[in-house]
Structures are given as structure tokens and as C-alpha cells.
Amino acid sequence: MTYSFVRRIAFSVAAGAVLAFSAVSPSQAAAKIQHLISPGGIEAWFVQDATVPLIAMEYSFAGGSAEDPKDKPGVANLVGSLLDEGSGDLDSKTFHERLDRRAIELSFNATRDTLRGSLRMLRDNKDEAFDLLRMALTSPHFDTADVERIRSQVISGLRRETTNPTSLASRKFLELAFGDHPYSRQSNGNLDSVPTITIADLRNYVGRVLARDGLKIAVVGDVDPATLGKLLDHTFGSLPAKAKANLTPVPDVEAAKPPQRAFVTLDVPQTVITFGGPGVKRSDPSFMAAYVVNHILGGGGLSSRLYREVREKRGLAYSVYESLLWMQHSAIFIGNTGTRADRAGDTIEAIEQEVRRIAEEGPTQKELDEAKSYLKGSQMLALDTSSKLAQALLQYQQDKLPIDYIEKRNAIVDAVTLDDAKAAAKRLWGQGLLTVVVGRAPQAAAQPAAAPATKSN
């Protein structure tokens, strides 16, 4: 049983004793969001909520796995896994015991553009929680024994991925979409790179990324602004104002132009199909139209067109989904499904047919109205806990959205017209799909129509 699992259980039990999480509705949150600036100049978006004595903080530093050396993908992921493995005058075991004793939940993870972190605690444990985070950020040990233990866990996971069709499909899709761009690399690295990562690589990454100029923070919970300001200064104030070395510039990139198809041979019972193509950046004026029409095609779960056509009408797959993904320097749409090897061709054909139909015809007014109604109503559930709200507020900052975005969002959804939705559908899906098929030798129907298949093992 891992330390992180124990901490999650401990925090859940402690939080359950005080009615679990604070429920803050979006309308309430919008009125309460403060742009807090600490005495030391550290900024945060903050919602003070004393419904229950809990505090949730989300934070991020600019420079995620895209900052990994080209020949060593996986550095950021290893750093995120090791920051809480001993720091200051505490070894790994003692550090985790301190977290466990106070039911403090602390974690880090690397995304493509940021190193993100999460901190949750009961109000009465806030001083110790923030101090442990300070130590993790400012004096991580990276002891050899801890590095090798975490490295072995990462390598074990990577080995499992070599026989996981969904993981293989994801890796191949990113390679197909982004070529040599940093976004083509998986954040957890690969079996060639992870064994070569040194402690010096980890320290170099920390020196380049953990600095105040790339820091964004969101806090929701039972703490007053003055106290929070002091906690933020204590926790983040000793970090460098700017990184020792400039971050490596990451160029903007557009995903490869469809249609293209690749096949990866794997002897498994079920064939996995991953499909997608160029998307719409979060800053694009057409983003919300794309978001709404994407819900209609594949993002709406049981109500989506793809689910209805692939699962309900044809029984080709148990599930099928498709979603928009956006990063700082690119955007894609990506979907996934799994089916029997002898039905892979039929499944791909059904997906492509539905994609062509919505690209050519767009959605109906009824579909648009229902999607908008759902997306407005689901906002209440999406932000119904302190942790969810803090995560959203951090993401809004990363997306460069205004602090009152929660108030404005439903009006932005409402403003999407049928013409907007049709234009977004044509833009997203008018060129076809990038498709990756992972499974046993392809049937004739699964062979590419527009591009030769590439094979890898």
C-alpha cells in the first residue's frame, strides 16, 4: 500500500467527519473570487468559504514535460514523483509520516506545459501543511535510494504500457500528430530515456522551473485573506523570483493534417482505435462553438452521436468518446474506442461516416439547444467541491481567462448560434481523421484509404 494511497484514505476519513467537502455553487463562487496579493507580492485567486473547516490549494509552475531534454523525456514526471520523497531535515519516511499524521494530502504531477501540485488539509493543520509544501519545493533531497525506487516504479509502468493497446495507441497518435515537437513525447518518458535520467537532470529541472515568475495559485476554503497571504509568503516566498536559466522556448504547432492512418501490431483480443486531428485553441474566438458542437458529436456520453451510431445502432463497441484537448502551443480533438478485431473496419467506417455527416451538415437546432442546456447545468456539478473549484480556478488562470469567467460562462454558451456550430463542425472535422489502430493483423476493411499504414512493434 503506497504512502499516497494512505494519505488519500486518511484525508477522506478526516474530511468525512466534517461533511466531506465544502460545496460552493458557481454563482456563489463568482461573487466571492478574490484576486489576493500577499505582502510579499505573491498572487492567488481565492474563495473564502467556512462551510466546513477544510482548505484546498492548487498551484502550478510554467514549464512541464515540454521542458524535458529531447533525449530524456520523463524528467518532469520523475521530479513530480520525487518532490515529496524527503526534504529539509526530513527523510522520505519521516516526511510521509508527517503528512499521514495530520491527514494532509500533497501531490505533484507534470503536464505538458506545467508542473502542477495539489494541497488539501483540515483548517487546523494548515501551518504544518504549508510548511511541508515549502520544504518540498525549496529543499528536495533526491536521495539516490528514493530516486532509484521511484525510477523502478516508472519503468515497471512503462513496461506494462508496452502490452496495453490504449497506451500504445496514445503514444502513436501523438507521434503522428506532432512529429518531432515536444508534445509528441509522453510525459512519463520511455524505456530508453528513464534509465538515463540523473539526479543532476532532476536538480537542473527544479532550478529552471520552480520560480515565482511562472507560479499560479488557486485557494478555496476556511482561511481569511490575511492569514493566507502570510502562508503563501512563507511557502513560496523563498523561491527564486525568476528561474536560474530561461525556459526552453516551445514553438506553436498544429497537429498533422488528416487523413492519415497508422497500424500497431499487438496480439490482444480487442482492437483499440484512437482518432483525432487539429483542434481549436482556448484563446480562439470560436472555442466555445467548437466545445458545444464537440459535445454533440462525442463528448456527451450516452447522448452523443458517436455513441448512438457506434454502440446503440450497430453494437460495434461498448463505449466511444471524443473530446477537445488544448495546450499552450497547440490543440487537438481526440477520441477512442475498442472493438473486436474482425469489426475494426466497420467501426472505423461508422466513426468516419458520422464525422463526415456532422462536418457537412452540422448539428440540428434541437441538438444545439439540448447541448447548451446540458453544458450550462453541468457547471453546477463540475464545481461542487472546494477541490474542484480550486482546480477550475487554476485552469482558468492558465487559460488566461478573466477572474469573473464563471459568471460569464453560461452567457458565452448561450451566444453560440447554429451557424457558429456548423462552422466549428466543418473546421474541426471537414478534413477527416488521424487514426491509429492497435491490435491483431488488420482486416482488409481496416486498411487505410488515404495513406499507407505504418507498422511498429
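The rules we used
- Residues numbered from 1 in each chain as written.
- Predicted model: local features only at pLDDT ≥ 70, side-chain atom pairs only at ≥ 80, totals over all residues.
- Heavy atoms only, no water.
- Axes fitted to C-alpha atoms, helices over the stretch in contact; angles between N-to-C directions.
- Helix = DSSP H or I, 4+ residues; strand = E, 2+ residues; numbered from the N terminus.
- Parallel < 35°, antiparallel > 145°, perpendicular 65-115°, else oblique.
- Contact = heavy atoms within 4.5 Å.
- Nonpolar A, V, L, I, M, F, W, Y, C, P; charged D, E, K, R; others polar.
- Salt bridge = Lys/Arg side-chain N within 4 Å of Asp/Glu carboxyl O.
- Buried < 20%, exposed > 50% of the residue type's maximum accessible area, 1.4 Å probe, protein only.
- Pairing = 2+ DSSP bridges.
- Core = buried A, V, L, I, M, F, W, Y, C linked by side-chain atoms within 4.5 Å.
- pLDDT = per-residue confidence, 0-100.

Draft legend 1. Main features of the packing of helix α3 (residues 75-82) against helix α8 (residues 199-209). α8 packs onto α3 with a crossing angle of 85° between their chain directions and a minimal axis gap of 9 Å. In this view, α3 runs roughly perpendicular relative to α8, as classed from their interaxial angle. Between α3, through Val75, Ala76, Leu78, Val79 and Leu82, and α8, the contact on the second element is made entirely by Asp201, Leu202, Tyr205 and Val206. Here the contact of α3 with α8 is composed, by residue class, of eight nonpolar, no polar and one charged.

Draft legend 2. Up close: the pattern of salt bridges. A full pass over the atoms with the stated rule returns 30 salt bridges. Among the ionic pairs, arginine 440 bridges to aspartate 267, the shortest N-O distance being 2.7 Å. Here aspartate 267 lies in the loop between β7 (260-265) and β8 (270-278) and arginine 440 lies in the loop between β11 (434-439) and β12 (455-456), a separation of 173 residues in the sequence. Among the salt bridges present, the one from glutamate 309 reaches arginine 314, with a minimum N-O distance of 2.9 Å. When its relative accessible area of 8% is taken as the criterion, glutamate 309 is described as buried. On the basis of relative accessibility, which here comes to 32%, the residue arginine 314 falls in the partly exposed class.

Draft legend 3. A look at the sheet that holds strand β3 (residues 54-62). As summarised here, the arrangement of the six strands in space is β1-β2-β6-β3-β5-β4, forming an open sheet in which the pairing is mixed. Every interior strand has two partners, whereas the edge strands, β1 (34-37) and β4 (105-110), have only one. The mean inter-strand angle of the sheet, taken between neighbouring strand axes irrespective of direction, is 20°. Strand direction decides the pairing type here: β1 and strand β2 (residues 43-48), joined by four bridges, are antiparallel.

Draft legend 4. Summary view of the environment of valine 75. For valine 75, the position within the fold is in helix α3. In the structure, valine 75 is positioned eleven residues away from glycine 64 in sequence and 9.4 Å away in space, judged by C-alpha atoms. When neighbours within four sequence positions are excluded, valine 75 is seen to be in contact with Asp68, Pro69, Ile197, Asp201, Leu202 and Tyr205.

Draft legend 5. Highlighting the packing of helix α10 (residues 287-299) against helix α13 (residues 365-382). Interhelical geometry of α10 versus α13 gives an angle of 105° and a closest axis separation of 9 Å. By the angle between their axes, α10 is roughly perpendicular relative to α13. Across the interface between the two elements, Tyr291, Val292, His295 and Ile296 of α10 pack against Glu367, Leu368, Ala371, Lys372, Tyr374 and Leu375 of α13. Classifying every residue of the contact of α10 with α13 gives seven nonpolar, one polar and two charged.

Draft legend 6. Main features of the nonpolar core. Counting residues in each nonpolar core, the largest one holds 54 residues, and the members touching the most others are Val292, Val293, Leu393, Tyr396, Leu428 and Trp429. Top contributing element to this core by residue count: α10, with eight residues. Once you skip the residues sitting within four places of it in the chain, leucine 428 turns out to touch Pro278, Gly279, Val280, Ala290, Val293, Leu324 and Phe333. Counting 53 residues, the second-largest nonpolar core is a separate cluster that includes Val79, Leu132, Phe142 and Ile197.

Draft legend 7. Layout of unusual backbone geometry. The peptide bond linking proline 258 to proline 259 adopts the cis configuration, its omega dihedral lying at -5°. On the secondary structure map, proline 259 appears in the loop between α9 (225-236) and β7. One non-glycine residue, phenylalanine 142, lies in the positive phi region at around 55°. Mapped onto the elements, phenylalanine 142 comes out in the loop between α5 (126-138) and α6 (144-161). Residue phenylalanine 142 is classed as buried on the basis of its relative accessible area of 3%.

Draft legend 8. Focus on the confidence of the model for the chain. Across the chain, the average pLDDT comes to 90, with 90% of residues at 70 or higher. Below pLDDT 50 for its whole length, residues 1-23 participates in 47 contacts with residues either more than four positions away or in separate chains. Of the regions scoring below 50 in pLDDT, residues 443-457 engages in 28 contacts with residues more than four places distant in sequence or in other chains.

Draft legend 9. Representation of the environment of valine 52. Looking at the secondary structure, you find valine 52 in the loop between β2 and β3. Taking the C-alpha atoms as reference, valine 52 lies 8.8 Å from arginine 123; in sequence the two are 71 residues apart.

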